[in-house]
Amino acid sequence: MSEHKIDLTVNGHRHSATVEARTSLGEFLREGLGYTGTHLACEHGVCGACTVRVDGVAMRSCLMLAVQANGSEITTVEGLAKPDGTLHRVQQALKDNFGLQCGFCTPGVAITLATVLEDNPSATTEEMETAMSGHICRCTGYQGIRRAIRQLAGEAA
Amino acid sequence: MKPAPFDYARPTNVAEACQILAEAGGGATVIAGGQTLMPLLNLRMSQPFILVDINGIADLKGVSRIDGGTRVGPATRQAEALRDSTLAQHLPALVTALGHVGHYQTRNRGTVGGSVSLGEPAAEMPAAAVALGASIEITSAQGTRMVKAEDFYIGPYMTVLEPEDLVTGIVYPDWPDGHVVLFREVAQRTGDFALVGMVGALVLEGGKVARAGIAWFGMGPTPIKARQAEAALIGKALAEIDPDAVAALAVADTAPFDDHHASAEYRRTVGKRIFARTLREALDLRSAA
Ligand code: FES
Ligand code: FES
């Protein structure tokens, strides 16, 4: 069982820590650093709740080890809103359209949509919906999420 | 914390990786994207003593042209392969199949080589390798060897790889520009493993099929080459091809099973339909053009 020293940046803050090799990135973010906005549910890549951005790319934090994130820049849902509390436009759209119920899946949904829009600010409804195949909302609040997506794509919601 | 404890190594070159694998005497597991392995670790279905992370080996990443073919580094991310212009030009069937591998978030981390070397029987990448006639480059401390994809898979999640082996490349032979791409799969939800699927390529010369490479996924314990269908197609003029008869031959080569997603009968029935429809659409398109 090996332990490893890692340095990484989360939402602009630098962190150093020693992690056991088997610690997932998601678990490290939550338990090691207190970024509890990232939710872990299935921990085998099915639900998408744990999605974070690693070096600009959205991925499952339960399917990656913390040690593999050494040197990376991570964005979690806590990093989406502005420091003054102004919501990211994805968060605002989800809020406006009742795109969340219990909110458990929402951090992952918000990271995916924010990343798709970052890569392509004029992403279409279809492109965003396709990326959403990687998320399960156990409250089945999909229609609210789809309305939020249409709003983000600039279509009448 | 879900996995059993393990050590972790991040070699920076192939020789170093192979040495770690050789020394581990079967206790090591290679991790690339981890999109299949991490669930197995979390469920403790896989309990290696040491995890060998190949993400730090630059030689194992990227797509390059070689004599008569294209070489894909096994640690190339699926999302990067999907955007790669060389693959788009030379291996459109592979790119089409890649678009159906997992989800946006898992393609961002998952690798082409991971999917090829794990050998999930319902996955797209192993079948695409078999259909397109790829060879798997395998390296160990003993040296390097090439194994044809059709000889590589021996059962569900079982391949000819030995514990000390590392997949160091997937080499796809060239298919001429303008060849016909065949792809269709049926899955319960977008991004799920397919219940039934087929992928392949056809080369037409002078109105006849000159070359065919087609394989099934989700239709048996391994990806399955549709040998009888390929043989029936080669040499035929488009007008002579009966897609339903060829599809029946293609299904005759399969060995689907019942599981909680679908019965073997369902897979055979749907497989025959999608095979015939894909062929018909691809050939109609050609004869109209
Ligand atoms: S917790 Fe990572 S996909 Fe479900
Ligand atoms: S809002 Fe409850 S799981 Fe999606």
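All of these numbers come straight from a predicted model, not from anything done at the bench. (Residues numbered from 1 in each chain as written. Chains lettered and ligands numbered in written order. Predicted model: local features only at pLDDT ≥ 70, side-chain atom pairs only at ≥ 80, totals over all residues. Heavy atoms only, no water.)

### Here we look at the overall build of chain B
Working step 1: A count of helical and extended segments in chain B gives 12 helices and 14 strands.
Working step 2: Whereas a compact globule of 289 residues would reach a radius of gyration of roughly 19 Å, chain B reaches 19 Å, a difference of no more than 12%.
Working step 3: Each of the three principal axes of chain B carries a C-alpha extent, and together these read 60 × 45 × 30 Å.
Working step 4: Taken across its 289 residues, chain B has 57% of its residues classed as buried.
Working step 5: For chain B, the proportion of contacts with a sequence separation of at least 24, taken over those separated by at least 6, is 63%. (Helix = DSSP H or I, 4+ residues; strand = E, 2+ residues; numbered from the N terminus. Rg over C-alpha atoms; globule rule 2.2 N^0.38 Å. Buried < 20%, exposed > 50% of the residue type's maximum accessible area, 1.4 Å probe, protein only. Contact = heavy atoms within 4.5 Å.)

### Overview of the overall build of chain A
Working step 1: Tallying secondary structure elements over chain A gives 5 helices and 5 strands in all.
Working step 2: Starting at the N terminus and walking to the C terminus, you meet the elements of chain A as β-β-α-β-β-β-α-α-α-α.
Working step 3: By the compact-globule yardstick of 15 Å for 157 residues, chain A fits well, its C-alpha radius of gyration being 16 Å.
Working step 4: Expressed along its principal axes, the backbone C-alpha trace of chain A runs to roughly 55 × 30 × 25 Å.
Working step 5: The proportion of buried residues among the 157 residues of chain A is 56%.
Working step 6: Counting contacts in chain A only where the partners sit at least 6 residues apart, residues at least 24 apart contribute 55% of the total.
Working step 7: By element, 49% of the accessible surface of chain A is carried by carbon and sulfur atoms, the whole surface being about 6900 Å².
Working step 8: Here chain A contributes 13 positively and 17 negatively charged side chains, and the mean placements of these two sets differ by 5 Å. (Areas by Shrake-Rupley, 256 points an atom, 1.4 Å probe, with all protein chains shown as cover. Lys, Arg positive; Asp, Glu negative; His and termini not counted. Charge placed at Lys NZ, Arg CZ, Asp CG, Glu CD.)

### Some thoughts on the side chain of B:Gln105
Working step 1: For B:Gln105, the location among the structural elements is in helix α6 (residues 104-107).
Working step 2: Polar contacts involving the side chain of B:Gln105 include one to the side chain of A:His135, which spans 2.9 Å.
Working step 3: In this structure, B:Gln105 is in contact with A:Thr51, A:Ala58, A:Met59, A:Arg60, A:Thr112, A:Ala131, A:Gly134, A:His135 and B:Gln35, ignoring residues within four places of it in sequence. (Polar contact = N/O pair within 3.5 Å; in protein donor to acceptor, adjacent residues only side chain to side chain.)

### So, the domain arrangement of chain A
Residues and elements named next belong to chain A.
Working step 1: Examined at the domain level, chain A breaks down into domain 1 (3-79) and domain 2 (89-152).
Working step 2: On a C-alpha basis, the centres of domain 1 and domain 2 stand 21 Å from each other.
Working step 3: On the domain 2 side, the residues contacting the 17 residues of domain 1 number 16 residues.
Working step 4: Summed over both partners, the interface of domain 1 with domain 2 comes to about 1200 Å²; 58% of that surface belongs to carbon and sulfur atoms.
Working step 5: Sorting the residues of domain 1 by area buried against domain 2 places His 39, Arg 53 and Val 77 first, and these three jointly supply 41% of that buried surface.
Working step 6: On inspection of domain 1 and its partner domain 2, the count reaches 1 salt bridge.
Working step 7: Residue Arg 53 pairs with Glu 118 through a salt bridge whose shortest N-O separation is 3.3 Å.
Working step 8: Run the count over domain 1 and domain 2 and you get 6 residue pairs in polar contact (both at pLDDT 80 or more).
Working step 9: Where the side of domain 1 that touches domain 2 is concerned, the elements lending two or more residues are β3 (51-54) and β4 (57-60).
Working step 10: Of the residues forming the side of domain 1 that touches domain 2, the biggest block, 3 residues, is contributed by β3.
Working step 11: Along the lines of polarity and charge, the residues of the side of domain 1 that touches domain 2 split into 8 nonpolar, 7 polar and 2 charged. (Domains from an automatic or database assignment. Buried area = accessible area lost by both parts, 1.4 Å probe. Salt bridge = Lys/Arg side-chain N within 4 Å of Asp/Glu carboxyl O. Nonpolar A, V, L, I, M, F, W, Y, C, P; charged D, E, K, R; others polar.)

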